[in-house]
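# Reading the structure
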Amino acid sequence: MPEPLPPGELLSLDRQHVWHPYGPMPGTAAPLLVESASGVRLRLAEPVEGQDELVDGMSSWWSAVHGYNHPVLNDAARGQLERMSHVMFGGLTHEPAVRLAKRLVDISPEPLQHVFLADSGSVSVEVAVKMCLQYWRSLGKPRKQRLLTWRGGYHGDTWQPMSVCDPDGGMHELWQGALPRQVFADAPPAGFDAAPDEAYTAHLRELIGRHAEELAAVIVEPVVQGAGGMSFHSPGYLRVLREACDEHGVLLVFDEIATGFGRTGALFAAEHAGVAPDVMCLGKALTGGYLTLAATLCTTAVADGISRGALPVLAHGPTFMGNPLAAAVADASISLLLSQDWGQEVKRIETGLRNGLAPAADIPGVREVRVLGAIGVVQLDHEVDMAAATRAAVREGVWLRPFRDLIYTMPPYITGDDDVARVCAAVCAAAREG
Ligand SMILES: *Cc1c(COP(=O)(O)O)cnc(C)c1O
């Protein structure tokens with residue numbers, strides 16, 4: 001092990017050399033220096049606002065559903081590390097990838113039978129788009145190469161995913177004009193429990209019908225739009241999309257990268273609607289937050305279509321495709337999830353969030369409080385002061401990462417009731433001060 005560097009020096013080198021997400025170079029806001037993490041707690045290298053440990057309210061961007069340093073996942077990683085960390089996937093295969101693929105097929109909606117392992121969520125969306133466009137090319141319909149989505153979405157930061165993110169006010173607005181021009185429906189009316197709005201339903205059907213000749217696929221985040229605005233909608237709209245796509249010969253892609261593995265109270269958000277997509281993307285919680293891995297699943301019809309074409313292969317093959325270490329941890333993480341009553345744990349957290357966030361509704365400047373599964377959101381009527389809101393949460397001993405007008409939490413499923421209450425108190429403090 002190299003000699004440890006003092007925190008002050010690390011932060012100064014970080015500022016000089018290290019790019020952080022969605023940040024300038026050099027960075028403006030100083031990041032917190034994390035030394036280790038265990039359970040639901042991040043241990044800081046030096047105290048901040050009097051705290052040397054923070055309860056993680058973010059699950060490291062929805063991924064660390066079992067918390068940190070979990071003995072079962074550590075064992076899976078160690079065991080695989082001693083066999084092999086990686087081998088190429090071209091011409092070779094291995095048990096971790098095969099096991100994981102079989103398991104994903106078993107637990108996902110029935111029609112999804114084939115698995116492409118990618119190295120990040122954004123890449124899995126690129127692969128999903130490539131699958132859909134190539135499917136129609138193979139079937140002699142090369143004009144079908146646009147995508148339809150609804151506003152308010154987020155699908156990642158590489159090129160095709162950026163083109164289906166919310167085009168207004170989002171992070172990728174800068175690139176309008178350079179990105180492929182997709183078809184945008186209005187954002188779905190808010191409310192998981194709200195009855196589907198007929199005018200909106202008609203709008204979706206009309207738009208899909210009108211553009212059917214040029215549409216390869218409809219791609220949406222089912223039930224919860226995450227980084228695009230943390231909003232929830234009726235599962236009924238997913239049934240409408242399924243029907244309209246079938247009627248007009250358009251593929252349906254569900255991006256379950258944020259919603260997969262129980263976060264919304266169903267193992268996959270598609271289950272709330274009882275519909276299956278033609279293609280589905282998974283990521284984030286796939287490895288329990290340990291390593292980067294994502295997956296694109298598709299139906300046999302899609303796979304057969306591609307394999308009947310002039311170029312009967314899917315021309316995609318990341319260097320680290322099917323990484324054995326990540327696949328072994330992913331399989332262990334899914335086993336761990338399914339070995340417990342995860343639905344009960346998510347419900348318990350949902351109850352804790354409902355109770356703990358209710359007082360936020362009375363804070364001046366709060367527009368709405370909403371909770372679904374293990375997701376709690378406080379929406380302000382103004383842009384959040386990130387620095388002030390984050391500081392307020394840290395003072396309460398909690399790590400949160402607000403954005404735009406949103407202060408939200410998606411705690412690990414192992415978060416105990418006291419820690420859920422603490423996270424809620426921190427969200428309220430952030431809402432008051434942000
Ligand atoms: C995070 C996210 C992505 C992108 O995944 P990365 O691993 O960050 O590339 C895509 N879609 C959704 C819905 C996401 O939440």
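Attention in this report is confined to the structure presented alongside it.

So, how was this worked out
- Residues numbered from 1 in each chain as written.
- Predicted model: local features only at pLDDT ≥ 70, side-chain atom pairs only at ≥ 80, totals over all residues.
- Heavy atoms only, no water.
- Near = heavy atom within 4 Å.
- Polar contact = N/O pair within 3.5 Å; in protein donor to acceptor, adjacent residues only side chain to side chain.
- Areas by Shrake-Rupley, 256 points an atom, 1.4 Å probe, with all protein chains shown as cover.
- Nonpolar A, V, L, I, M, F, W, Y, C, P; charged D, E, K, R; others polar.
- Core = buried A, V, L, I, M, F, W, Y, C linked by side-chain atoms within 4.5 Å.
- Buried < 20%, exposed > 50% of the residue type's maximum accessible area, 1.4 Å probe, protein only.
- Helix = DSSP H or I, 4+ residues; strand = E, 2+ residues; numbered from the N terminus.
- Contact = heavy atoms within 4.5 Å.
- Axes fitted to C-alpha atoms, helices over the stretch in contact; angles between N-to-C directions.
- Left-handed = near helix turned anticlockwise from the far one by under 90°.

Here we take up the site of the ligand. Around the ligand, the neighbouring residues are Ser-120, Gly-121, Ser-122, Tyr-154, His-155, Gly-156, Glu-221, Asp-255, Ile-257, Ala-258 and Lys-284. Here an oxygen atom of the ligand and a backbone polar atom of Gly-121 are 2.8 Å apart. Ser-122 has a polar side-chain atom sitting 2.6 Å from an oxygen atom of the ligand. Contact with the protein chains hides 82% of the accessible area of the ligand, taken as 380 Å² for the molecule alone. Across the shell around the ligand, the residue classes tally to 3 nonpolar, 5 polar and 3 charged.

The next point concerns the nonpolar core. By size, the foremost hydrophobic cluster in this structure holds 89 residues, and its most contacted members are Leu-104 and Phe-261. No other element matches the 8 residues that helix α14 (residues 417-433) contributes to this core. Residues within four places of Leu-104 in sequence aside, it is in contact with Val-115, Phe-261, Leu-282, Leu-286, Ala-295, Leu-297 and Ile-334. Core analysis: the second largest hydrophobic core is formed by 27 residues, Val-127, Cys-132, Val-279 and Ala-303 among them.

Two numbers describe how helix α13 (residues 386-395) lies on α14: the axes approach to 8 Å, and their chain directions differ by 145°. The element α13 and its partner α14 pack so that their crossing is right-handed. Facing α13, whose interface residues are Ala-388, Ala-389, Ala-392, Ala-393 and Arg-395, α14 presents Ala-426, Ala-429, Ala-430 and Glu-433. Tallied by class, residues from the contact of α13 with α14 come to 7 nonpolar, no polar and 2 charged.

A word on unusual backbone geometry. Here Met-25 and Pro-26 are connected by a cis peptide whose omega angle stands at -5°. With respect to the element layout, Pro-26 can be found in the loop between α1 (7-17) and β1 (34-38). At Glu-49, a residue that is not glycine, the phi angle is positive and equals roughly 50°. Tracing the chain through its elements places Glu-49 in the loop between β2 (41-48) and β3 (51-56). Judged by its relative accessible area of 35%, Glu-49 is partly exposed. Positioned with a positive phi, Phe-261 is a non-glycine residue whose angle comes to about 65°. Its location among the elements puts Phe-261 in the loop between β10 (251-255) and α9 (270-273).

Note that all results are geometric; they support no functional claim without further evidence.
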